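# Analysis of the macromolecular model
Chain by chain, the residues run as shown.
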Amino acid sequence: MENDWKQIKTYTNAIQAEIVKQMLEENGIPAVALNKQDSSYLFGKIELYVSEGSIEAAERLIEESEGDFSL
């Protein structure tokens, strides 16, 4: 991952993280979900990253979408 990517959110549910990642990408914001969960016991976090220049737009989209479905 390049140096200008910043973590904007963490999730414990991989499906929620993927939904948000896809929503961002559909709106023209490249995103990366880094899954740091243990594969056997599923504890840990999924970190969502976007480029530094996209942080404000990504946060605004996430905030707007939280009312649409449970994130």
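Quick summary incoming for the structure in this document. Just so we're clear, the structure is a prediction, and the values are computed from it rather than from any experiment.

### Some details on the nonpolar core
One recurring pattern in soluble globular proteins: nonpolar side chains tend to sit buried together. Core analysis: the largest hydrophobic core is formed by 15 residues, its most contacted members being Ile8, Tyr11, Val20, Leu24, Leu48, Val50 and Ile62. With sequence-adjacent residues up to four places away left out, leucine 48 is seen in contact with Lys6, Gln7, Ile8, Lys9, Tyr11, Val20, Lys21, Leu24, Ala31, Val32, Ala33 and Ile62.

### Thoughts on the environment of glutamate 59
On the secondary structure map, glutamate 59 appears in helix α2 (residues 55–65). Spatially, the C-alpha atoms of glutamate 59 and lysine 9 are 8.8 Å apart, while their sequence positions differ by 50 residues.

### Some thoughts on the pattern of salt bridges
Per the counting criterion, the structure on display carries two salt bridges. The shortest N-O distance in the salt bridge between glutamate 25 and lysine 21 comes to 3.4 Å. In this pair, glutamate 25 and lysine 21 both sit in helix α1 (residues 14–26), four residues apart, roughly one turn of the helix.

### Regarding the sheet that holds strand β2 (residues 31–35)
What the three strands build is an open sheet, ordered β1-β3-β2; its pairing is antiparallel. Among the strands making up the open sheet, the edge pair consists of β1 (5–11) and β2. Here the average twist between neighbouring strands, direction ignored, is 30 degrees. Relative to strand β3 (residues 46–51), β1 runs antiparallel, the two being bridged by six bridges. Each residue of the ladder has a partner; that of tryptophan 5, found in β3, is serine 51. Set on the sheet, α1 makes contact with β1, β2 and β3; between it and β3 the angle comes to about 10 degrees. Lying over the sheet, α2 contacts β1 and β3, oriented at roughly 20 degrees with respect to β1.

### What about α1?
Taking 1.5 Å per residue, 13 residues should reach 18 Å; α1 reaches 18 Å between its end C-alpha atoms and fits that length. Of all the residues in α1, the buried ones are Ala17, Val20, Lys21, Met23 and Leu24. On an axial view of α1, the arc spanned by its buried residues comes to 160 degrees, and they lie on one face. Opposite the buried face of α1, at more than 90 degrees from it, the exposed residues are Ile15 and Glu26.

The rules behind each value
- Residues numbered from 1 in each chain as written.
- Predicted model: local features only at pLDDT ≥ 70, side-chain atom pairs only at ≥ 80, totals over all residues.
- Heavy atoms only, no water.
- Core = buried A, V, L, I, M, F, W, Y, C linked by side-chain atoms within 4.5 Å.
- Buried < 20%, exposed > 50% of the residue type's maximum accessible area, 1.4 Å probe, protein only.
- Contact = heavy atoms within 4.5 Å.
- Helix = DSSP H or I, 4+ residues; strand = E, 2+ residues; numbered from the N terminus.
- Salt bridge = Lys/Arg side-chain N within 4 Å of Asp/Glu carboxyl O.
- Pairing = 2+ DSSP bridges.
- Axes fitted to C-alpha atoms, helices over the stretch in contact; angles between N-to-C directions.
- Expected span 1.5 Å × (residues − 1).
- Arc of directions from axis to C-beta.

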